[in-house]
Amino acid sequence: MVSAPAQGRSLSGAYLADDDITGRHRGQASWRHASRFNDSLSFRMNLNHVSDRAWFEDFGDSLTATAQPFVRSIPSLDATGSWWEASLMADAFQTIDQDISPSSEPYDRLPRAFFRGVRPLGERFEFQLDAEYARFDRKVGETGGRLDLYPRIELPLFRPGWYLTPSLGVRYTAWSLE
């Protein structure tokens, strides 16, 4: 389920005016925010941006930092109930690895909507539904949307030292390409 502090935010960045090597202004910014509006509704955001593809190569302080192929930004509105959870989010990438061609860049998911529900079905069974819609976009290549539905019935079996959950379901996935 969703976990977020009641309030939390941070803004960080770096700026270099008139870089001697590139001859231009360079910078990096990160804005993180989390809010919990009530027990069932929260908002999270992690926005990141760099001015140029060589930023982490020039200013990264570790191998992990200098080897980043992408900078990812994610805002998310999350809701939960007693038997369900849902999210509405966006997933955007800034490609910073110069060796990645435009046709190999990751797709932005703008938007992505997700729902998961679990309900008792009689005394021993559970009905579960996972549903997702995502719109995929990038500058080069196919774009479009995907609907994914996975309803199923499960029989959770628990005993001391083991568990088994047989299930019966069907997955439906539909693409709409442009």
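See the structure printed just above.
Draft legend 1. Just the overall build of the protein chain, in detail. Along the protein chain, the regular secondary structure elements total two helices and twelve strands. Mapped from its N terminus to its C terminus, the protein chain presents α and β elements in the order β-β-β-α-α-β-β-β-β-β-β-β-β-β. On C-alpha atoms alone, the protein chain measures out to a radius of gyration of 21 Å, which is more than a quarter above the 16 Å that the 2.2 N^0.38 rule sets for 178 residues. Counting only C-alpha atoms and orienting by the principal axes, one finds that the protein chain spans roughly 70 × 40 × 35 Å. Of all 178 residues assigned to the protein chain, the portion counted as buried reaches 31%. Within the structure as shown, the protein chain displays about 11,600 Å² of accessible surface, and the carbon and sulfur contribution to it stands at 57%.

Draft legend 2. Looking closely at a nonpolar patch on the surface. On the surface, a nonpolar cluster with roughly 330 Å² of combined accessible area is contributed by Leu121, Phe125, Phe127 and Ile153. Mapping leucine 121 onto the fold places it in strand β6 (residues 108-121).

Draft legend 3. Spotlight on the pattern of salt bridges. Counted according to the given criterion, the structure contains 15 salt bridges. Of the charged contacts in the structure, one is a salt bridge between aspartate 52 and arginine 24, with a shortest N-O distance of 3.6 Å. You can see aspartate 52 sitting in the loop between β3 (41-50) and α1 (55-59) and its partner arginine 24 sitting in the loop between β1 (7-16) and β2 (26-38), a full 28 residues away along the chain. Residue arginine 116 is joined to glutamate 85 by a salt bridge in which the shortest nitrogen-to-oxygen separation is 3.6 Å. Placement of arginine 116 in strand β6 and of glutamate 85 in strand β5 (residues 84-95) is noted, with a sequence separation of 31 residues between them. Overall, arginine 116 belongs to the partly exposed group, its relative accessible area being 32%. Each of the salt bridges in this network shares a partner with another, and the network as a whole consists of Glu85, Arg116, Asp130, Arg152 and Glu154.

Draft legend 4. Seen up close, the packing of aromatic side chains. As enumerated under the stated definition, the model contains seven aromatic pairs in all. For the pair tryptophan 84 and phenylalanine 115, a centre-to-centre distance of 6.4 Å together with 20° between the ring planes defines the contact as stacked. You can see tryptophan 84 sitting in strand β5 and its partner phenylalanine 115 sitting in strand β6, a full 31 residues away along the chain. Arranged with centres 6.2 Å apart and planes meeting at 90°, the rings of tyrosine 107 and phenylalanine 136 form a pair that is edge-to-face. Taken together, the residues span a long stretch of sequence, with tyrosine 107 in the loop between β5 and β6 and phenylalanine 136 in strand β7 (residues 125-137) at a distance of 29 residues.

Draft legend 5. Focus on unusual backbone geometry. Proline 111 follows leucine 110 through a cis peptide bond whose omega is 0°. Turning to its location among the elements, proline 111 is positioned in strand β6. Phi angles above zero are rare outside glycine, and aspartate 18 is one such case at about 50°.

Draft legend 6. Local environment of the environment of glycine 60. Structurally, glycine 60 can be placed in the loop between α1 and α2 (63-66). Residue contacts for glycine 60: discarding those within four places in its chain leaves Trp55, Ala65 and Thr66.

Draft legend 7. Local environment of the nonpolar core. Val50, Trp55, Phe56, Val71 and Ile96 together form the largest nonpolar core, which totals five residues. Here phenylalanine 56 is in contact with Val50, Ala65, Thr66, Gln68, Val71 and Ile96, once residues within four sequence places are set aside.

Draft legend 8. Structural detail: the environment of phenylalanine 136. Classification of phenylalanine 136 as buried rests on a relative accessible area of 12%. Placed 87 residues apart in sequence, phenylalanine 136 and histidine 49 show a C-alpha to C-alpha distance of 20 Å. If sequence neighbours within four positions are ignored, phenylalanine 136 has contacts with Tyr107, Asp108, Arg109, Thr143, Gly144, Arg146 and Trp175.

Rules used in this analysis
- Residues numbered from 1 in each chain as written.
- Predicted model: local features only at pLDDT ≥ 70, side-chain atom pairs only at ≥ 80, totals over all residues.
- Heavy atoms only, no water.
- Helix = DSSP H or I, 4+ residues; strand = E, 2+ residues; numbered from the N terminus.
- Rg over C-alpha atoms; globule rule 2.2 N^0.38 Å.
- Buried < 20%, exposed > 50% of the residue type's maximum accessible area, 1.4 Å probe, protein only.
- Areas by Shrake-Rupley, 256 points an atom, 1.4 Å probe, with all protein chains shown as cover.
- Patch = residues over 30% accessible without salt bridge, like charges linked within 9 Å, V, L, I, M, F, W, Y side chains within 5 Å.
- Salt bridge = Lys/Arg side-chain N within 4 Å of Asp/Glu carboxyl O.
- Phe/Tyr/Trp six-rings, centres within 6.5 Å; stacked < 30°, edge-to-face > 60°.
- Contact = heavy atoms within 4.5 Å.
- Core = buried A, V, L, I, M, F, W, Y, C linked by side-chain atoms within 4.5 Å.

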